[in-house]
Amino acid sequence: MSVRATEISDIIKEQISGFQDSATIANVGRVISVGDGIANCYGLSNVQASELVDFPKSGTIGLAFNLEEDSVGVIVLGEYKNIEEGDEVRATGDIASVPVGDALIGRVVNALGQPIDGKGPIKTDKRRPIERIAPGVIKRQNVDEALQTGVKAVDAMIPIGRGQRELIIGDRQTGKTAIALDTIINQRGGDVICIYVAIGQKQAQVAQTVRMLELNGAMEHTIVVVASAADPAPLQYIAPFSGTAMGEEFMETGRDALIVYDDLSKHAQAYREVSLLVRRPPGREAYPGDVFYLHSRLLERSARLSADAGGGSLTSLPIIETQAGDVSAYIPTNVISITDGQIYLEPDLFYAGVRPAINVGISVSRVGGAAQIKAMRQVAGRLRLDLAQYRSLAAFAQFGTSDLDAVTRNQIETGQRMTELLKQGQYQPMPVEEQIASLWMAGNGFLADVDVSKVRAFESQYLDYLRTARPEVLAAIREKKALDDGLTASLKSATESFKAGSEFASARKIA
């Protein structure tokens with residue numbers, strides 16, 4: 001059998017034409033040492049900051065955190081005990097990112113955006129990097145649209161606007177999370193999407209929070225991001241950045257979002273732990289020198305965008321836990337200086353039964369009345385000042401008011417009734433029109449002859465009366481958002497009618 005030369009050449013040409021040369025360039029290194037969730041790696045010469053790296057042997061991923069001259073400190077996002085010295089590590093080329101979009105609403109996810117609620121995969125192809133530069137000054141607009149919390153004391157005296165950053169600060173177990181959850185619950189049926197980031201909390205506590213949101217119909221507009229106390233410090237460190245990336249997606253598509261960081265004290269501690277493990281130089285209280293920048297670059301991403309940039313907003317409520325009421329400690333003062341005001345919850349008030357236990361003296365909103373509707377400004381204009389003056393006079397009340405002049409005695413009695421009126425049960429946010437009606441009624445002397453112990457019962461029955469017998473008054477406040485002469489007359493008529501036919505009609509003032 002003879003083979004012709006032309007056939008051989010044709011076969012060779014066919015093989016050459018079909019040959020595909022595909023060279024793969026990979027940035028590969030080796031693990032030098034590993035321990036406490038940190039892997040020191042050698043050889044990743046082209047890795048970027050915050051780039052994801054892969055440990056093929058263990059199937060774990062990590063985040064390039066510390067870029068040194070001859071090694072890279074990688075924080076392992078998951079179980080690190082299966083990684084050994086000498087294992088291969090590969091750079092992926094992808095900056096750390098999380099899934100975003102409407103598919104996340106109603107879900108509970110971890111710091112990587114992976115579902116942990118047992119409801120199946122999250123169907124979205126959109127992702128965002130967890131770290132990004134905050135919007136510039138030109139892209140922002142004034143914060144002058146109210147975000148109603150449903151908490152009378154907050155909406156009246158320390159108003160929060162869309163795009164604002166309002167710190168909630170206080171000792172443990174003083175009601176910080178309660179205010180944040182009430183705000184989330186109050187957005188039911190509205191246009192604000194909420195993100196609750198749980199950092200370093202017990203898993204049982206997080207489960208209880210999720211259950212409470214479900215019972216109050218709030219999970220329909222809420223995303224819960226969890227980095228619990230059982231999760232490694234690296235996941236607690238990236239959790240608030242992941243939640244912010246999810247919120248930015250809504251903000252930049254022209255919608256309004258609210259994010260709660262619960263809490264940034266534990267976030268700072270997780271960052272300190274990670275920084276010390278990669279041997280960054282410690283500073284004050286062993287925190288790294290850039291711990292201020294850690295929170296400033298996070299909170300600056302909350303903004304209200306201009307109309308040209310879409311007009312959306314991201315409002316943040318960071319929570320800070322103090323030790324023995326020390327608001328001048330390192331992390332609290334850092335976050336106070338970054339935010340647009342703070343709500344300080346005082347343990348003494350909390351234990352005295354004043355809940356929410358807001359200290360109006362050092363609580364402040366740097367946006368102020370600009371974040372209130374006109375009707376609220378009309379009824380709450382002097383409330384904050386009057387309460388602050390009452391607190392300064394309250395010390396005299398314990399000795400009896402018989403020796404005080406009439407003006408001082410009247411001021412103390414009015415303050416006692418207003419303090420009682422501002423008390424509010426947990427998970428019971430109040431619509432803004434009912435808050436306005438209640439504060440108008442108190443500000444116009446209708447509580448003067450009601451016993452202090454019966455103020456809350458009076459208010460409850462009064463609001464029930466308005467809802468059932470005079471719903472048009474509440475509807476008018478909700479629509480007009482301002483009290484004109486006609487609406488004021490209607491309020492006065494409704495209040496007088498209620499009081500005349502109620503059990504409080506014959507009540508007498510008790511000194």
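These lines cover the structure that appears in this document, whether it is placed above or below. Please read these numbers as outputs of a predicted model, since none were measured by experiment.

Now for a nonpolar patch on the surface. A contiguous nonpolar surface patch, about 290 Å² in accessible area, is contributed by Ile8, Ile12 and Ile16. Structurally, the position occupied by isoleucine 16 is in helix H1 (residues 5-17).

This part covers the sheet that holds strand S6 (residues 88-95). If you trace the six strands once around the closed barrel, you get S1-S2-S5-S4-S3-S6, paired in antiparallel fashion. The sheet shows a mean angle of 45° between the axes of neighbouring strands, taken without regard to direction. When strand S4 (residues 60-67) meets strand S5 (residues 72-76), the two strands line up antiparallel, connected through five bridges. By the bridge assignment, glycine 62 is partnered in S5 with valine 76. Contacting strand S2 (38-42), S4 and S5, helix H6 (residues 264-277) runs over the sheet at an angle of about 75° to S4.

As a further point, take the packing of aromatic side chains. Counted under the stated rule, the structure contains 11 aromatic pairs. Aromatic side chains phenylalanine 350 and tyrosine 351 sit 5.7 Å apart centroid to centroid with 80° between the ring planes, which places their arrangement in the edge-to-face category. The ring of phenylalanine 65 has arginine 280 sitting right over it, with the charged end atom 4.1 Å from the ring centre. Residue placement shows arginine 355 over the ring face of phenylalanine 350; its charged tip is 4.0 Å from the ring centre.

Tracing the chain through its elements places threonine 60 in strand S4. The class for threonine 60 is buried, based on a relative accessible area of 9%. Here the side chain of threonine 60 touches serine 58 through a polar contact of 3.1 Å, side chain to side chain.

Now for the layout of surface pockets. Approximately 850 Å³ is the volume attributed to the largest pocket. In terms of lining residues, the largest pocket is bounded by 31 residues, among which Gln173, Gly175, Thr177, Ala178 and Gln205 are the most central. Going through the elements one at a time, helix H3 (176-185), helix H4 (203-215) and strand S14 (313-321) are the ones with two or more residues in the lining of the largest pocket. Among the elements that line the lining of the largest pocket, the one with the most residues is H3, at six residues.

Let's shift gears to the sheet that holds strand S8 (residues 108-110). The strands making up a sheet associate through backbone hydrogen bonding, with each pair oriented either parallel or antiparallel. Strand order in the open sheet formed by eight strands is S8-S12-S11-S13-S14-S10-S15-S16, and the pairing between neighbours is mixed. The strands lining the two open edges of the sheet, one partner per strand, are S8 and strand S16 (364-365). Of the strand pairs in this sheet, strand S10 (residues 167-170) and strand S15 (residues 341-345) are connected by four bridges, and their pairing is parallel. Its bridge partner being in S15, isoleucine 168 is matched across the sheet by isoleucine 343. Across the face of the sheet, H3 comes into contact with S10, strand S11 (192-199), strand S12 (222-227), strand S13 (256-262), S14 and S15 while running at roughly 160° to S14. Docked against the sheet, H4 engages S8, S11 and S12, running at close to 175° with respect to S12.

About the criteria used
- Residues numbered from 1 in each chain as written.
- Predicted model: local features only at pLDDT ≥ 70, side-chain atom pairs only at ≥ 80, totals over all residues.
- Heavy atoms only, no water.
- Patch = residues over 30% accessible without salt bridge, like charges linked within 9 Å, V, L, I, M, F, W, Y side chains within 5 Å.
- Areas by Shrake-Rupley, 256 points an atom, 1.4 Å probe, with all protein chains shown as cover.
- Salt bridge = Lys/Arg side-chain N within 4 Å of Asp/Glu carboxyl O.
- Helix = DSSP H or I, 4+ residues; strand = E, 2+ residues; numbered from the N terminus.
- Pairing = 2+ DSSP bridges.
- Axes fitted to C-alpha atoms, helices over the stretch in contact; angles between N-to-C directions.
- Contact = heavy atoms within 4.5 Å.
- Phe/Tyr/Trp six-rings, centres within 6.5 Å; stacked < 30°, edge-to-face > 60°.
- Lys NZ or Arg CZ within 6 Å of the ring centre and 35° of its normal.
- Buried < 20%, exposed > 50% of the residue type's maximum accessible area, 1.4 Å probe, protein only.
- Polar contact = N/O pair within 3.5 Å; in protein donor to acceptor, adjacent residues only side chain to side chain.
- 1 Å grid on protein atoms, 1.4 Å probe; cavity = no way out; pocket = protein on both sides within 12 Å on 5 of 7 lines; lining within 4 Å.
- Points joined across faces, edges and corners; volume = space filled by probe spheres on them.

As far as function goes, none of this settles anything; it's purely spatial.
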